[in-house]
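# Summary of the model geometry
So the chains spell out like this:
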Amino acid sequence: MTTSDKTLNGKVALVTGGSRGIGAATAVRLAREGADVALTYVNGKEAAEDVVRAVEALGRRAVALRADSADAAEAAGAVGAAADALGGLDVLVNNAGIGVLGPLEDLSLADVDRVLAVNVRGVFLTSQAAAGRMGAGGRIITVGSCMVQRVPGPGGTLYALSKSALVGLTKGLARDLGPRGITASLVHPGPIDTDMNPADGPYAAGQAALTALGRFGTGDEVASMVAYLAGATYVTGAEYAVDGGHAA
Ligand SMILES: NC(=O)c1ccc[n+]([C@@H]2O[C@H](COP(=O)([O-])OP(=O)(O)OC[C@H]3O[C@@H](n4cnc5c(N)ncnc54)[C@H](OP(=O)(O)O)[C@@H]3O)[C@@H](O)[C@H]2O)c1
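Residues numbered from 1 in each chain as written. Predicted model: local features only at pLDDT ≥ 70, side-chain atom pairs only at ≥ 80, totals over all residues.

If you check an unreviewed UniProt entry, the protein chain appears there as SDR family oxidoreductase from Streptomyces phaeoluteigriseus. Of the protein chain, the UniProt comment under Sequence similarities (unreviewed entry) reads exactly: "Belongs to the short-chain dehydrogenases/reductases (SDR) family." (UniProt positions renumbered as here; feature names shortened; annotations may be inferred.)

Below is the structure:
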């Protein structure tokens, strides 16, 4: 494939939570498709710099920005910083997310506030800021969860609540931004082998058994759907499962 054939050639993408896991795989995949990439992180500076080097090795520009999605100013500010560093913004991938799972009675007010701040409020504020910087052809792609479609056991109430809010966000953004030629899509990963949910973790076998394919997915498998949506032109307001059949 020549440079000019690549779907995202000349585009700029921002991936929140791009230092590890699905976000890191997505940053590299978007760069393979020709995009320059900004990524955010909170604690993983070295990991973020590794991703920057991986993007640069593909001949694209990259910048790592420390921006905590739980902080309202930082969630919105990452957009301006990315657009200023790379000369605009075409694709936002709302990937940063946290999971606090456990017995209902053990979830504290601080847990509720933190999960909603990162998984919901931060996504809204980053999307709102991105809409202000994007022109026609802009793409907002958000990472939800298979637990929006099916909560397969106890302990997932708060996480499922937070991820379910992204359905309304995506449909609303599609309607708000469609007239400007900007699309919004939602991707629901199933169990994906990352630091958040390692395939050799204590609950892994049960999760794999809940999928039709009987295995965990990889960050690359989610990233390929994100890359498709970043290039798609007549897709908006909808949800896409990359879950090995978790919802089947
Ligand atoms: N893995 C799964 O099975 C699975 C399934 C369904 C959905 N998801 C969703 O997929 C997304 C990525 O998950 P993952 O498994 O790749 O997670 P992960 O391995 O824990 O990586 C999380 C990434 O997000 C960053 N991050 C965490 N909190 C942040 C915050 N407050 N502000 C900005 N960045 C933050 C981390 O940065 P630092 O390195 O600085 O900590 C890291 O780069 C999440 O939204 C998650 O809910 C995951």
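Don't stop here, the text continues.
### Examining the overall build of the protein chain
The secondary structure content of the protein chain amounts to seven helices and seven strands. The C-alpha radius of gyration of the protein chain comes to 17 Å, within 12% of the 18 Å expected for a compact globule of 248 residues. For the C-alpha atoms alone, the extent of the protein chain along its principal axes is close to 50 × 35 × 35 Å. For the protein chain, the proportion of its 248 residues judged to be buried stands at 47%. (Helix = DSSP H or I, 4+ residues; strand = E, 2+ residues; numbered from the N terminus. Rg over C-alpha atoms; globule rule 2.2 N^0.38 Å. Buried ≥ 20, exposed ≤ 12 C-beta atoms within 10 Å, placed from the backbone.)

### Description of the UniProt feature "domain: Ketoreductase" (unreviewed entry) in the protein chain
Taking the UniProt record as the reference, the feature "domain: Ketoreductase" (unreviewed entry) is found at residues 11-233. Between the C-alpha atoms that bound residues 11-233 the distance is 14 Å, and the span itself is 47% helix and 14% strand.

### Considering the site of the ligand
Around the ligand, the structure places 33 residues, and the nearest of them are G17, G21, G44, G97 and T194. Elements with a minimum of two residues in the shell around the ligand: α1 (21-32) and β2 (36-41). Residue composition of the shell around the ligand, grouped by class: 14 nonpolar, 16 polar and three charged. (Near = placed C-beta within 6 Å. Nonpolar A, V, L, I, M, F, W, Y, C, P; charged D, E, K, R; others polar.)

### Observations regarding the sheet that holds β2
Strand order in the open sheet formed by seven strands is β3-β2-β1-β4-β5-β6-β7, with parallel pairing between adjacent strands. In this open sheet, the two strands that pair with only one neighbour each are β3 (62-66) and β7 (238-242). Strand-to-strand twist across the sheet, computed as the mean angle between neighbouring axes with direction ignored, equals 20°. Sheet topology note: the strand β4 (residues 91-94)/strand β5 (residues 139-143) ladder contains four bridges and is parallel. (Pairing = 2+ DSSP bridges. Axes fitted to C-alpha atoms, helices over the stretch in contact; angles between N-to-C directions.)

### Side note on helix α3 (residues 72-86)
Taking 1.5 Å per residue as the helical rise, α3 with its 15 residues ought to reach 21 Å, and the 22 Å between its terminal C-alpha atoms agrees with that figure. At A78, α3 is deflected by roughly 25°, the largest bend along its length. By the burial criterion, the buried members of α3 are A75, A76, A78, V79, A82, A83 and L86. Of the surrounding secondary structure, the elements contacted by the buried residues of α3 are β1 (12-15), β2, β3 and α4 (109-133). Immediately downstream of α3, the backbone of G87 shows phi near 85°, a positive value. (Expected span 1.5 Å × (residues − 1). Bend = angle between axes of the 7 residues up to and from the residue. Contact = placed C-beta atoms within 7 Å.)

### Looking at the nonpolar core
With 71 residues, the main nonpolar core has A13, L14, A27, L30, V37 and V226 as its most contacted residues. Residues within four places of L30 in sequence aside, it is in contact with L8, A13, A35, V37, V91, A227 and A230. (Core = buried A, V, L, I, M, F, W, Y, C linked by C-beta atoms within 7 Å.)

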